[in-house]
Amino acid sequence: MVLRKGAMTGTAILLATSLAIQPHHTEHAAAGSDVSVEVNGAEVETPVNDLPMVDDRILVPFRAISEELGVDVEWDGSTKQVYATDDNTEVTFTMNQSSVTRDGTEEELDIAPQMLNNRTLLPLRFFAETFDAEVEWNAATRTASIEREEESSPPSDTDGVADEEGSYTATSTPDNLNVRAEPDANSAQVSSLTLGSEVEIVGFDDRWAELDLGEAEGWVHSAYLDIEGESGSEKTILGSPTVDTAEDETNIEWANIGGTVSSSEITNGQTITLATDAEVGEQVDTSTPGIENVGYREEGNQTYLDFDLEEGYSAQVDDGDGYLNLDLVHGSAGGGEGTSEGLEDKEIVIDAGHGGRDAGAEAFGLKEKEIALDVSLYAEEMLEERGADVVMTRTEDEYLELAERVEIAEQADADSFVSIHANAFDEEAHGSETYWHGGNSAEESQELAAEIQERLVDKLQTHNRGIHEGNFHVIRETSMPSALVEVAFVTNPNDAEQLARDSFRELAAEAVVEGIENFYEE
């Protein structure tokens, strides 16, 4: 699928914006599967099979409506704001605030925009009047009709990377980069770019970027471009998903656009969550075999794709070779997480730092002891799933002396010991770091710390503060390979925002577990 300029004029990552309309009668149904929406007399196909009703309001996915009306929308996740614009009008909505700015003038809404099931809801009637459209509700046919004169061309009907028109620029990285007539390495060369050449991107096809060369257009592979958004920040993008199905198996593939895309996954029963630092455009259809439901959310600098799998399906993820692949397999062929050859029958002690009267570091409403326990309990579950025997120093909010923690590890004759903590200093200090001690099992402890640290910064996308030799009691006095993990800083505003999220704590646990697993598989 070729993504044209129009594909970049729609909603930004994760934005499945919706509109709310008040029918002229009162109902209290949770869903209105018989409700339809029309724009200029034509019924609008939406990605939601059953249009929901909340507080007597019909919720309509805005993206499909906005494309029909020719209104562009951009989502700013950092400010929780929606920008809606056409040729003559610009409106800024802020989540959970009734104040809205229209063409620089502040106005009050009857209904504040809000988030519901990872969708942004806006008041339809205000929106319609703002962009010179009219809305009517037909109670007999249960139809919401929107009428607007077609003063401007709607965006392209091609889904894909979500951003505003002309907002992607790029700098070439090789000394001599061939520009092709088509998105194919065997296509005719039409031009070339030298190192540092700045160009405008007008579309994408798989991992190829289409460039505006002035009098002509041409294609280059995005791996050779440093892509920037309107703000000047570097961007990596997941392209439109392609779906291949065969008997009992479904493969979903996203092209990495603009270089390396970092991703990780968490499996929880029949739900698999992919976490990525890339922007995400087109959504995966819920009618895809093996998928029951799909959710998209943005937390900090991570995008999360939640896939609820159909019964009997398992998932495997591969993010190599320029693509992110999600394989869904029905039956025993899927394998699942399963045991790990490296961890099977290993005795692992997980030490949740602090506890009881010792809260550890406190800032921004967070307590280190609670973070450490959450991460440790997640790690316990994941290690056991991989076949390890896990010993916990504590599983509840209780106080233990440092010597007691060491004694637990020694009595268990543990193969390794990992202590979980959150860091603290001033508001500037941020990131993840891991400590080891140069006494007992020094070489193995250093290797264990290095493996855990590598997985932490890869999964959490935190600042890499490295590994350090430290003189902490629990890693100094234990005889087995030992490491002390500082996940992130409770005293840093950005780190604290992440640490407050359960999904971040679960990712931290997965990083620790994978680090231990890699240590034993070396």
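Because the structure is a prediction, the values reported are computed rather than measured.

Side note on the overall build of the protein
Link 1 in the chain: Counting its secondary structure elements, the protein contains eight helices and 41 strands.
Link 2 in the chain: When each of the 522 residues of the protein is scored for burial, the buried share is 53%.
Link 3 in the chain: Long-range pairs, those at least 24 residues apart, make up 66% of the contacts in the protein with a sequence separation of at least 6.
Link 4 in the chain: Looking at the protein as shown, the accessible area adds up to about 23100 Å², and 39% of this sits on carbon and sulfur atoms.

Things to note about the nonpolar core
Link 1 in the chain: With 44 residues, the main nonpolar core has Ile350, Leu383, Val418, Ile452, Val487 and Ile516 as its most contacted residues.
Link 2 in the chain: Contributing elements (two or more residues each) for this core: β34 (347-352), α3 (368-385), β37 (389-392), β38 (416-423), α5 (442-460), β41 (482-489), α7 (493-499) and α8 (502-521).
Link 3 in the chain: Excluding residues within four positions of it along the chain, valine 487 makes contact with Ile420, His421, Ala422, Gly431, Ser432, Leu460, Leu499, Phe504 and Ala508.

Looking at α5
Link 1 in the chain: The end-to-end C-alpha distance of α5 is 27 Å, a good match for the 27 Å that 19 residues give at a rise of 1.5 Å each.
Link 2 in the chain: Taken together, the buried positions of α5 are Ser445, Leu448, Ala449, Glu451, Ile452, Gln453, Arg455, Leu456, Val457, Lys459 and Leu460.
Link 3 in the chain: Of the residues one or two after α5, glutamine 461 is the one with positive phi, at around 55°.

Considerations on the packing of aromatic side chains
Link 1 in the chain: The full count for this structure, using the stated rule, is three aromatic pairs.
Link 2 in the chain: Between tryptophan 254 and phenylalanine 307, the aromatic rings sit 6.3 Å apart at their centres with planes inclined by 50°, giving tilted as the arrangement. Remark: phenylalanine 307 occurs in strand β31 (residues 302-309) and tryptophan 254 occurs in strand β26 (residues 249-257); sequence separation between them is 53 residues. Just as tryptophan 254 is buried, phenylalanine 307 falls in that class too.
Link 3 in the chain: Taken together, a centroid distance of 4.8 Å and an interplanar angle of 70° make the contact between phenylalanine 519 and tyrosine 520 edge-to-face. The pair formed by phenylalanine 519 and tyrosine 520 is uniform in burial state, with each residue classed as buried.

Concerning the pattern of salt bridges
Link 1 in the chain: All chains considered together, the criterion is met by 13 salt bridges.
Link 2 in the chain: We note a salt bridge from arginine 505 to aspartate 374, for which the minimum N-O separation is 2.6 Å. Within this pair, whereas arginine 505 is found in helix α8, its partner aspartate 374 is found in helix α3, the two being separated by 131 residues in sequence.

Quick notes on α8
Link 1 in the chain: Over its 20 residues, α8 extends 29 Å from the first C-alpha to the last, a length consistent with the 28 Å expected when each residue adds 1.5 Å.
Link 2 in the chain: Across the 20 residues of α8, 17 count as buried, placing the element largely inside the fold.

Overview of the sheet that holds β38
Link 1 in the chain: Taken together, six strands build an open sheet; the order of strands is β37-β34-β38-β41-β39-β40 and the sheet is mixed. One side of each edge strand has no neighbouring strand; the edge strands of this open sheet are β37 and β40 (464-469). On average, each strand axis in the sheet is tilted by 20° relative to the strand beside it, whichever way the strands run.
Link 2 in the chain: In terms of strand pairing, β34 meets β37 through four bridges, oriented parallel. Bridging across to β37, glutamate 347 finds its partner in aspartate 389.
Link 3 in the chain: Relative to β34, α3 is tilted by about 160°, and along the sheet it contacts β34, β37, β38 and β41.

Structural notes on the sheet that holds strand β4 (residues 36-39)
Link 1 in the chain: Taken together, four strands build an open sheet; the order of strands is β5-β4-β16-β15 and the sheet is mixed. For this open sheet the edge positions go to β5 (42-43) and β15 (133-138), each flanked by a neighbour on one side alone.
Link 2 in the chain: Note: β4 against β5, two bridges, orientation antiparallel. Bridging across to β5, valine 39 finds its partner in alanine 42.

Re the side chain of arginine 394
Link 1 in the chain: The topology assignment puts arginine 394 in the loop between β37 and α4 (402-411).
Link 2 in the chain: Buried charge without a partner: arginine 394 forms no salt bridge, and the closest opposite charge is aspartate 397, 4.4 Å away.
Link 3 in the chain: Polar side-chain contacts of arginine 394 include one of 2.9 Å to the backbone oxygen of alanine 352.
Link 4 in the chain: Excluding anything up to four places from it in sequence, arginine 394 contacts Ala352, Gly353, His354, Gly355, Lys369, Leu373 and Leu400.

Here we look at the packing of α5 against α8
Geometry of a packed helix pair, given as the angle between the helix axes and the separation of the axes.
Link 1 in the chain: One way to put it is that α5 packs onto α8 with a least axis distance of 8 Å and a crossing angle of 140°. In this structure, α5 crosses over α8, and the sense of that crossing is right-handed. When α5 is examined against α8, the residues Glu444, Glu447, Leu448, Glu451, Ile452, Arg455, Leu456, Lys459 and Leu460 are found in contact with a partner set consisting of Phe504, Leu507, Ala508, Glu510, Ala511, Val512, Glu514, Gly515, Ile516, Asn518 and Phe519.

What to know about the confidence of the model for the protein
Parts of the prediction with low pLDDT should not have their coordinates interpreted in detail.
Link 1 in the chain: Per-residue pLDDT for the protein has a mean of 77; in total, 76% of the residues score no lower than 70.
Link 2 in the chain: Confidence over residues 1-19 falls short of pLDDT 50; this stretch has 101 contacts with residues more than four positions distant or in other chains.
Link 3 in the chain: For the stretch residues 332-337, pLDDT sits under 50, and the model shows eight contacts to residues farther than four places along the chain or on other chains.

Section: the environment of alanine 185
Link 1 in the chain: Within the secondary structure, alanine 185 sits in the loop between β18 (176-180) and β19 (189-194).
Link 2 in the chain: Separated by 35 residues in the primary sequence, alanine 185 and valine 220 place their C-alpha atoms 8.6 Å from one another.

Some points on the packing of α3 against α8
Link 1 in the chain: Running from amino to carboxyl end, α3 crosses α8 at an angle of 50°, the nearest separation of the two axes being 8 Å. Classified by the angle between their axes, α3 and α8 sit oblique to one another. Once α3 is placed against α8, the crossing between them reads as right-handed. Between α3 and α8, the residues in contact are Glu370, Ile371, Asp374, Val375, Tyr378, Ala379, Met382 and Leu383 and Asp502, Arg505, Glu506, Ala508, Ala509, Glu510, Val513 and Ile516, respectively.
Link 2 in the chain: In terms of residue class, the contact of α3 with α8 is built from ten nonpolar, no polar and six charged.

What counts and how
- Residues numbered from 1 in each chain as written.
- Predicted model: local features only at pLDDT ≥ 70, side-chain atom pairs only at ≥ 80, totals over all residues.
- Heavy atoms only, no water.
- Helix = DSSP H or I, 4+ residues; strand = E, 2+ residues; numbered from the N terminus.
- Buried < 20%, exposed > 50% of the residue type's maximum accessible area, 1.4 Å probe, protein only.
- Contact = heavy atoms within 4.5 Å.
- Areas by Shrake-Rupley, 256 points an atom, 1.4 Å probe, with all protein chains shown as cover.
- Core = buried A, V, L, I, M, F, W, Y, C linked by side-chain atoms within 4.5 Å.
- Expected span 1.5 Å × (residues − 1).
- Phe/Tyr/Trp six-rings, centres within 6.5 Å; stacked < 30°, edge-to-face > 60°.
- Salt bridge = Lys/Arg side-chain N within 4 Å of Asp/Glu carboxyl O.
- Pairing = 2+ DSSP bridges.
- Axes fitted to C-alpha atoms, helices over the stretch in contact; angles between N-to-C directions.
- Lys, Arg positive; Asp, Glu negative; His and termini not counted.
- Polar contact = N/O pair within 3.5 Å; in protein donor to acceptor, adjacent residues only side chain to side chain.
- Left-handed = near helix turned anticlockwise from the far one by under 90°.
- pLDDT = per-residue confidence, 0-100.
- Parallel < 35°, antiparallel > 145°, perpendicular 65-115°, else oblique.
- Nonpolar A, V, L, I, M, F, W, Y, C, P; charged D, E, K, R; others polar.

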